[in-house]
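# Chains, contacts and geometry: an overview
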Amino acid sequence: METIWRRPDGSIVACTEKIKVLRENLEELRQMAQDAFEDALLMECEESQIRAVFQDVIARLENPYNKL
C-alpha cells in the first residue's frame, strides 16, 4: 500500500521528487534495520527485545525543526 504523505496542516505532499526521496530513505532504513535485526538474531538475542529496542530508537528520534 502506498503511503500518502501529509504536511502538519493535513495537506498532501504531492511533489514527485519529494515522494521519491522519502521512498528511497525508507527503503534504506528498512534494509539497515533488517540487517541489524538479522545480526542480533544470529547473536542469539530475543526477537521481541530486538523489536522493542528498535521501537524505542524510533520513538526517541528528535525533530530538529521543532526548535525553530
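What comes next is a walk through the structure. (Residues numbered from 1 in each chain as written. Predicted model: local features only at pLDDT ≥ 70, side-chain atom pairs only at ≥ 80, totals over all residues. Heavy atoms only, no water.)

Right, let's talk about unusual backbone geometry for a bit. Phi at E44 is positive, roughly 70°, even though this residue is not glycine. Note on placement: E44 falls in the loop between α1 (16–42) and α2 (47–59). (Helix = DSSP H or I, 4+ residues; strand = E, 2+ residues; numbered from the N terminus.)

A few words now on the packing of α1 against α2. Two numbers describe how α1 lies on α2: the axes approach to 10 Å, and their chain directions differ by 145°. For α1 against α2, the interelement crossing comes out right-handed. Along its contact with α1, which presents A33, A36, F37, A40 and L41, the element α2 presents E47, I50, R51 and F54. Split into classes, the residues belonging to the contact of α1 with α2 amount to seven nonpolar, no polar and two charged. (Axes fitted to C-alpha atoms, helices over the stretch in contact; angles between N-to-C directions. Left-handed = near helix turned anticlockwise from the far one by under 90°. Contact = heavy atoms within 4.5 Å. Nonpolar A, V, L, I, M, F, W, Y, C, P; charged D, E, K, R; others polar.)

Turning next to the environment of E27. Looking at where E27 falls in the secondary structure, it is placed in helix α1. In this structure E27 comes out as partly exposed when scored by relative accessible area, which is 40%. (Buried < 20%, exposed > 50% of the residue type's maximum accessible area, 1.4 Å probe, protein only.)

Its 27 residues place the ends of α1 39 Å apart at the C-alpha level, agreeing with the 39 Å of an ideal helix rising 1.5 Å per residue. Considered for burial, the residues of α1 that qualify are I19, F37 and A40. At the C-terminal side of α1, E44 shows a positive phi close to 70°. (Expected span 1.5 Å × (residues − 1).)

To continue, consider the pattern of salt bridges. Using the criterion set out here, one finds four salt bridges in the structure. The salt bridge partner of E2 is R23, with a shortest N-O separation of 2.7 Å. Of the two residues, E2 sits in the segment before α1 while R23 sits in helix α1, which places them 21 residues apart along the sequence. When its relative accessible area of 47% is taken as the criterion, R23 is described as partly exposed. Between R60 and D56 there is a salt bridge, and its shortest N-O distance comes to 2.9 Å. The exposed category is assigned to R60, whose relative accessible area is 60%. A relative accessible area of 37% means that D56 is categorised as partly exposed. (Salt bridge = Lys/Arg side-chain N within 4 Å of Asp/Glu carboxyl O.)

So, on to a nonpolar patch on the surface. Together, L26, L29, V53, V57, I58 and L61 make up a nonpolar patch on the protein surface, roughly 550 Å² of accessible area in all. The greatest single-element share of the nonpolar patch, amounting to three residues, is contributed by α2. The topology assignment puts V53 in helix α2. (Patch = residues over 30% accessible without salt bridge, like charges linked within 9 Å, V, L, I, M, F, W, Y side chains within 5 Å. Areas by Shrake-Rupley, 256 points an atom, 1.4 Å probe, with all protein chains shown as cover.)

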